[in-house]
Amino acid sequence: MKKLNVTRKAILIGCPGSVTNYLRGVEKDITNMSRFLRSDKGGAWRENEIITVANPKAADALSIVEAAFSDYVLVYFSGHGFTDSRNNSRMLALRDGNIPDWFLLSASPRQLVIVDACRNFLAPGLGGAPEFDDQIDHFEGVSTYELFSEYIAHSPEGKLIIHATQPGKYSYDSPSGGYFTQALLHISTRMKANSEYSPCSINSILHHVPRLLQRNRNYQLPSITYKEGLLTVPFALSTAGNIRSLGQKDSSKELVGAVLLTFILVAAVIVASN
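Residues numbered from 1 in each chain as written. Predicted model: local features only at pLDDT ≥ 70, side-chain atom pairs only at ≥ 80, totals over all residues. Heavy atoms only, no water.

The next point concerns the confidence of the model for the protein. Looking at the protein as a whole, the pLDDT averages 81, with 78% of positions reaching at least 70. No element of the protein has a lower mean pLDDT than helix 6 (residues 251-273), which averages 37, and none a higher one than strand 7 (residues 110-116), which averages 98. Segment residues 122-142: pLDDT under 50, and 57 contacts once partners within four positions in sequence are set aside and those in other chains are kept. Scored below 50 in pLDDT, residues 243-274 makes 14 contacts in the model with residues more than four places away or belonging to other chains. (pLDDT = per-residue confidence, 0-100. Helix = DSSP H or I, 4+ residues; strand = E, 2+ residues; numbered from the N terminus. Contact = heavy atoms within 4.5 Å.)

In structure tokens:
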């Protein structure tokens, strides 16, 4: 595959708050997101392409986003947030103040912003639901770096902002990380397609996230809150295998059950006729 001169940057911002409002899962979210991006499933990002920012001031965070001009920029935020009732702005809480989420958009032509934060005025709830059983998978093997770069190069320009929940709703946290982020990465590492390393859009992944959250008694509904252009850079790459939706029943088990039921019904008819 021809080497492409494509640039990319990922900026991972963690703002856990302090004292009684401290979010225990933020650090885990940042670790898991970085680990996913560096895996083959996440596009085999290189260490120098991922910037981790711990509890920054607003000006510092915005300066880092602006300076990271690239063909593709992914910004991930984990922390506190709320909805400003005066103008309905989606606000993010940094160390020294609040900023609207669109401040994380820059002049880079292709950009994805993912926010795991609440969208109301109240402090986020902690716990209250069982933690996910699975750890985030890390995939090794043939590097997919150039393949992911090719997807970036062929994507039209565009920008998306994704939020973990609906307006006025909580985004729940646990020591293992935000429930939305855990579900997002769980689905991303398990997407199936007819061929290895097919592109999986953020939209296709988000389609499955609510069902996984609901299985863990969490009813957050992630949403795309801002869209500009026609961004097609994948969020994840698939593994090869039979395409099977999350929660889909095993058809072989259904078939066996149907055969047994038919046998029982036929036997009952024979007995009744005698």
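This part covers the packing of aromatic side chains. Taken as a whole, this structure holds 5 aromatic pairs when the rule is applied. Among the aromatic side chains, those forming a connected cluster through ring pairs are Trp45, Tyr72 and Phe148. The ring of Trp45 has Arg8 sitting right over it, with the charged end atom 5.1 Å from the ring centre. Seen from the ring of Tyr145, Arg8 lies directly overhead, with NZ or CZ sitting 4.0 Å from the centre. (Phe/Tyr/Trp six-rings, centres within 6.5 Å; stacked < 30°, edge-to-face > 60°. Lys NZ or Arg CZ within 6 Å of the ring centre and 35° of its normal.)

What follows is about the packing of helix 1 (residues 26-38) against helix 4 (residues 179-188). Relative to each other, helix 1 and helix 4 sit at 15 degrees, their axes nearing to 10 Å. One finds that helix 1 runs roughly parallel with respect to helix 4. At the point where helix 1 passes helix 4, the crossing takes the left-handed sense. Contacts between helix 1 and helix 4 pair Asp29, Asn32, Met33 and Phe36 from the former with Thr181, Leu184, Leu185 and Ser188 from the latter. Class assignment for the residues of the contact of helix 1 with helix 4 results in 4 nonpolar, 3 polar and 1 charged. (Axes fitted to C-alpha atoms, helices over the stretch in contact; angles between N-to-C directions. Parallel < 35°, antiparallel > 145°, perpendicular 65-115°, else oblique. Left-handed = near helix turned anticlockwise from the far one by under 90°. Nonpolar A, V, L, I, M, F, W, Y, C, P; charged D, E, K, R; others polar.)

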